[in-house]
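Residue-level structure breakdown
These are the residues of each chain, in order.
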Amino acid sequence: MSNISVSIKIKPPNDTNMAVEYSIEPEHFKFNGNVFEYPRSVLTGNDQQAVYDDLAYDFIKKSEQGYSCTIIAYGQTGSGKTHTMLGPPGCLTENELSQATISTAIPEKWGILPRTLMMCIKDPTITIVVSAIEIYENCPFDLLENRKPLTMSTSDRSNIVVSSKPSAAHLWRGDHDPLKETFIHPSSCYCRQCYTSKHTRKVEKQKEKGQAQSGITKSKFSTVGEHLRKLETPVDIAHLVRTVETTRTAQSHLLNDRSSRSHCLVRAELTRKSNGKALTSQLLFVDLAGSERILKSGATGKLKDEAVDINQSLSVLGRVITQLGQGSTHVSYRDSTLTMLLRSSLIGESITSVVVCLSGDMGNADESLSSLRYGKSMNAVRSHIVKHVEGKSIVIQVTELQSQISALKVKLQDMENNGQSGGFDSNANITDRRIFQDNVEKLERLKIELQRLREAYLENKSDSICKKKLALCQAEVDNYRDIVTRQKSIKGFWNTPSICYTQAQNELSALEGKLKSLP
């Protein structure tokens, strides 16, 4: 059994005359008159290499042994979480790489995420594929695919029952899948098969009680359909993290010029080739959106709604952490997307480290004290760390994956032939089709231009012309996105892909990503 490791990082105050009082002792950390004994370490200043050495240096060695690792940055808005994880705005460029010192080859401003990935690519036996998602208003989006909406998946399918003989109610609901000759029963169904399935699941839950700390429980949550990007060079890393930085939702308010309005999770899957076998581990980097007091941040309208949603999701995370710390038999992971995706990191399937970011300003002392108490709750969580080692031969894995991919492509082709892939309705006017296609192409070109302008503005925020172009381009993207959405909603013009087809596409994407990750 081990506790989640919690460290503290203090952002230098804007005014040294208004700095909060704190002291770092061998056995405890004293902050504004309050004593905390749990911190593993306390970091001050802006030395990114020192932060990496303290928080993430051991990740590489642990991953070599087959362990997955997670690092989470928590704190109020403007306390330096994104600075710690990624680096200051505009530093993730090829120009920074070219100016890096020969001894380290890593730009000094780069944060934990790019530094860790830079260390990983130095090992020629490692294949790295990365995905990046943001959780905005409790919904997951793919940051590497222009914020494409993602769906959640769970290994526990207790609310879905597949039967070969439908009841009249199921036929009436229109749940028939003509390809599989199966029927998906609604969650409210109480036929014999559904009742038996729910009873079986209830018995399984009884067996799982008390195992929340051990990582043995069966339900696993994940997103499906996200894009996986392979990393091979330092330039690949710079481009990846810059894409995450510029695509992620951010706004300005009184407490922070660039406040992240979403939680960001970057997952790197490392596959090592050893004696013809693939040893797999994962590194998860979590940059949480900052908690904020709306009266202080001055948030109004949409900004206020975002703040409420952020605070609510952090409250759910706090509740889950409290339940784990108390050894509760029920942990409410399903109350938010964030807690579902962090479940494996909290129960012991990953070595988890938390850095609590604090503001050094006296005006934020109350919020910093709240963050420290949050860190204390995290440190109380104890779990058995599980070692994950993939022992199959690489050749066998490749053969199996290629076989599954081929079978899935055949299945998708059959679905397309049966009209489940969506697309233009047979009654759609040819001229309207051409206009729609032109709008889609225009939208894609505008998205590329928007990404370019975001990166340019991030590197030079004093460029007023670039800022104006960015605002105009964003308005055009929003306009064309609305036009395309409205065109799709016209009756008799566009058919939405079936759920089965979309699920099969996501499954194919996941299998191709896994194949890509093999050496």
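Structure's up top.
Fair warning: this is a prediction, and the values are worked out from it, not measured in the lab. (Residues numbered from 1 in each chain as written. Predicted model: local features only at pLDDT ≥ 70, side-chain atom pairs only at ≥ 80, totals over all residues. Heavy atoms only, no water.)

1. Focus: the overall build of the protein chain
Filter applied, for reference: Strands are runs of DSSP state E lasting at least 2 residues, helices are runs of H or I lasting at least 4, and numbering of each runs from the N terminus. Think of it in three bands: with a 1.4 Å probe and only protein chains considered, a residue is buried below 20% of the maximum accessible area for its type, exposed above 50%, and partly exposed in between. Using a 1.4 Å probe, the Shrake-Rupley method yields the accessible areas, and only the shown protein chains count as cover for residues.
Scanning the protein chain from N- to C-terminus turns up 16 helices and 24 strands. Put simply, the protein chain has 519 residues, and 46% of those count as buried. Of the roughly 26100 Å² of accessible surface on the protein chain, 51% is carried by carbon and sulfur atoms.

2. As for the packing of helix α13 (residues 394–417) against helix α16 (residues 499–517)
Two measures define how a pair of helices packs: the angle their axes make with one another and the distance between the axes. Condition: Interaxial angles span 0 to 180 degrees and are taken between N-to-C directions of axes, which are lines fitted to C-alpha atoms, for helices over the stretch in contact. Should an angle lie under 35 degrees it is considered roughly parallel, over 145 roughly antiparallel, and from 65 to 115 roughly perpendicular; all remaining angles are considered oblique. Each crossing is labelled by how the near helix is turned from the far one, with a counterclockwise turn of less than a right angle marking it left-handed and a clockwise turn marking it right-handed. Whether two residues are in contact is decided by their heavy atoms, any of which lying within 4.5 Å being enough. In the scheme used here, Gly and all other residues not listed as nonpolar or charged are polar, with Ala, Val, Leu, Ile, Met, Phe, Trp, Tyr, Cys and Pro taken as nonpolar and Asp, Glu, Lys and Arg as charged.
Across the interface, α13 lies against α16 with an axial gap of 10 Å and an inter-helix angle of 155 degrees. Between α13 and α16, the angle is such that the two are roughly antiparallel. Once α13 is placed against α16, the crossing between them reads as left-handed. Of α16, the residues touching α13 (which contributes Val-398, Leu-401, Gln-402, Gln-404, Ile-405, Leu-408, Lys-409, Leu-412, Met-415 and Glu-416) are Cys-500, Tyr-501, Ala-504, Gln-505, Glu-507, Leu-508, Leu-511, Glu-512, Lys-514 and Leu-515. Its residues placed into classes, the contact of α13 with α16 shows 12 nonpolar, three polar and five charged.

3. A closer look at unusual backbone geometry
Note: most residues except glycine have negative phi, and most peptide bonds are trans. Phi is positive for Asn-138, which is not a glycine, with a value near 70 degrees. With respect to the element layout, Asn-138 can be found in the loop between β8 (126–136) and β9 (139–142). Accessibility expressed as a relative area gives 33% for Asn-138, which makes it partly exposed. We note that Asn-146 has phi near 55 degrees; this positive angle belongs to a residue other than glycine. Summarising the element assignment, Asn-146 is placed in the loop between β9 and β10 (148–149). Its relative accessible area of 40% is what places Asn-146 among the partly exposed residues.

4. Observations concerning the sheet that holds strand β5 (residues 34–36)
Note the threshold: Two strands qualify as a pair provided DSSP detects at least 2 bridges between them.
With respect to topology, three strands assemble into an open sheet ordered β3-β4-β5, the strand pairing being antiparallel. For this open sheet the edge positions go to β3 (22–24) and β5, each flanked by a neighbour on one side alone. Adjacent strand axes in the sheet meet at a mean angle of 15 degrees, parallel and antiparallel pairs treated alike. As paired elements, strand β4 (residues 29–31) and β5 share three bridges and run antiparallel to each other. Among the inter-strand pairings, Lys-30 is bridged to a residue of β5, identified as Val-35.

5. Some thoughts on the pattern of salt bridges
Test applied: We define a salt bridge as a contact between a side-chain nitrogen of Lys or Arg and a carboxyl oxygen of Asp or Glu at a distance within 4 Å.
For the structure on display, the rule yields 12 salt bridges. Among the salt bridges present, the one from Glu-137 reaches Lys-302, with a minimum N-O distance of 2.7 Å. Taken together, the positions of Glu-137 in the loop between β8 and β9 and Lys-302 in helix α10 (residues 301–325) put the pair 165 residues apart, joining distant regions of the chain. For Asp-335, the salt bridge goes to Arg-319, with nearest N and O atoms at 3.0 Å. A residue pair is termed long-range when its members are at least 10 positions apart, and Asp-335 in the loop between α10 and α11 (337–347) and Arg-319 in helix α10 qualify at 16 residues. Classification of Asp-335 by relative accessible area gives partly exposed; the value is 43%. The exposure class of Arg-319 is partly exposed, given its relative accessible area of 38%. Overlapping salt bridges bring together Arg-261, Glu-292 and Glu-306 as one network.

6. Remarks on the pairing of strand β7 (residues 69–75)
Across the seven residues of β7, seven count as buried, placing the element largely inside the fold. Pairing of β7 with strand β20 (residues 277–287), which is carried by five bridges, proceeds in the parallel orientation. In the sheet register, Thr-70 faces β20, and the bridge partner there is Leu-284.

7. Let's talk about the side chain of Asp-425
For clarity, the cut-off: Charged residues are defined here as Lys and Arg on the positive side and Asp and Glu on the negative side; His and the ends of the chain fall outside this count. Pairing of N or O atoms within 3.5 Å defines a polar contact, subject to two protein rules: one partner must be a possible hydrogen donor and the other a possible acceptor, and residues neighboring in sequence count only if both atoms are side-chain atoms.
Tracing the backbone shows Asp-425 in the loop between β23 (423–424) and α14 (430–459). Buried and unpaired, Asp-425 has no salt bridge, with Arg-433 as the nearest side chain of opposite charge at 6.8 Å. A distance of 2.9 Å separates the side chain of Asp-425 from the backbone nitrogen of Asn-427, its partner in a polar contact. Once residues lying within four places of it in the same chain are set aside, the contact partners of Asp-425 are Arg-433, Gly-492, Phe-493, Trp-494 and Asn-495.

8. Here's the deal with the pairing of strand β17 (residues 250–253)
Bridge count between β17 and strand β18 (residues 256–260): three bridges; the pairing is antiparallel. Bridging across to β18, His-253 finds its partner in Asn-256. Hairpin connection, β17 to β18: the antiparallel pair is bridged by two residues.

9. Digging into the side chain of Thr-243
Among the secondary structure elements, Thr-243 is positioned in helix α8 (residues 234–247). Accessibility expressed as a relative area gives 8% for Thr-243, which makes it buried. A polar contact of 2.7 Å, which involves the side chain of Thr-243, links it to the backbone oxygen of His-239. Each residue touching Thr-243, except ones within four places of it in the same chain, is listed here: Leu-143, Leu-144, Arg-229, Gln-451 and Glu-455.

10. Some points on helix α2 (residues 57–64)
We apply this condition: Working definition: the arc comes from the directions between the helix axis and the C-beta atoms, pointing outward to the latter.
What α2 keeps buried is the set Phe-59, Ile-60 and Ser-63. The buried residues of α2 occupy an angular sector of 100 degrees when projected down its axis, which confines them to one face. Here the buried face of α2 lies against α1 (48–55), β7, α5 (112–120), β19 (263–274), β20 and β21 (351–359). Of the residues trailing α2, Gly-66 is marked for its positive phi of about 100 degrees.

11. Overview of α11
Burial of α11 is extensive: 10 of the 11 residues sit out of reach of the surface. Taken as a whole, α11 has its buried residues at Thr-337, Leu-338, Thr-339, Met-340, Leu-341, Leu-342, Arg-343, Ser-345, Leu-346 and Ile-347. A positive backbone phi angle near 115 degrees is found at Gly-348, which sits one or two residues after α11.

12. What about the packing of aromatic side chains?
For clarity, the cut-off: In summary, the pairing rule links any two rings of Phe, Tyr or Trp, Trp by its six-membered ring, whose centres are within 6.5 Å, and it sorts them by plane angle into stacked for under 30 degrees, edge-to-face for over 60 and tilted for everything else. A ring is considered to have a charge above it if a Lys NZ or an Arg CZ atom is located within 6 Å of its centre and within 35 degrees of its normal.
Scanning all chains against the criterion turns up 10 aromatic pairs. With centroids separated by 5.6 Å and ring planes inclined at 80 degrees, the aromatic side chains of Phe-424 and Phe-436 adopt a geometry described as edge-to-face. Here the residue Phe-424 occupies a position in strand β23, and Phe-436 occupies one in helix α14, the gap between them amounting to 12 residues. On the basis of relative accessible area, Phe-424 is assigned to the partly exposed category, the value being 24%. The buried category is assigned to Phe-436, whose relative accessible area is 5%. Put simply, the rings of Phe-424, Phe-436, Phe-493 and Trp-494 pair up and form one aromatic cluster. We note Arg-147 situated over the ring of Tyr-136; from NZ or CZ to the ring centre the distance is 5.5 Å. Between Arg-343 and the ring centre of Tyr-333, over which it is positioned, the NZ or CZ distance is 5.4 Å.

Geometric values such as these leave the question of function open.
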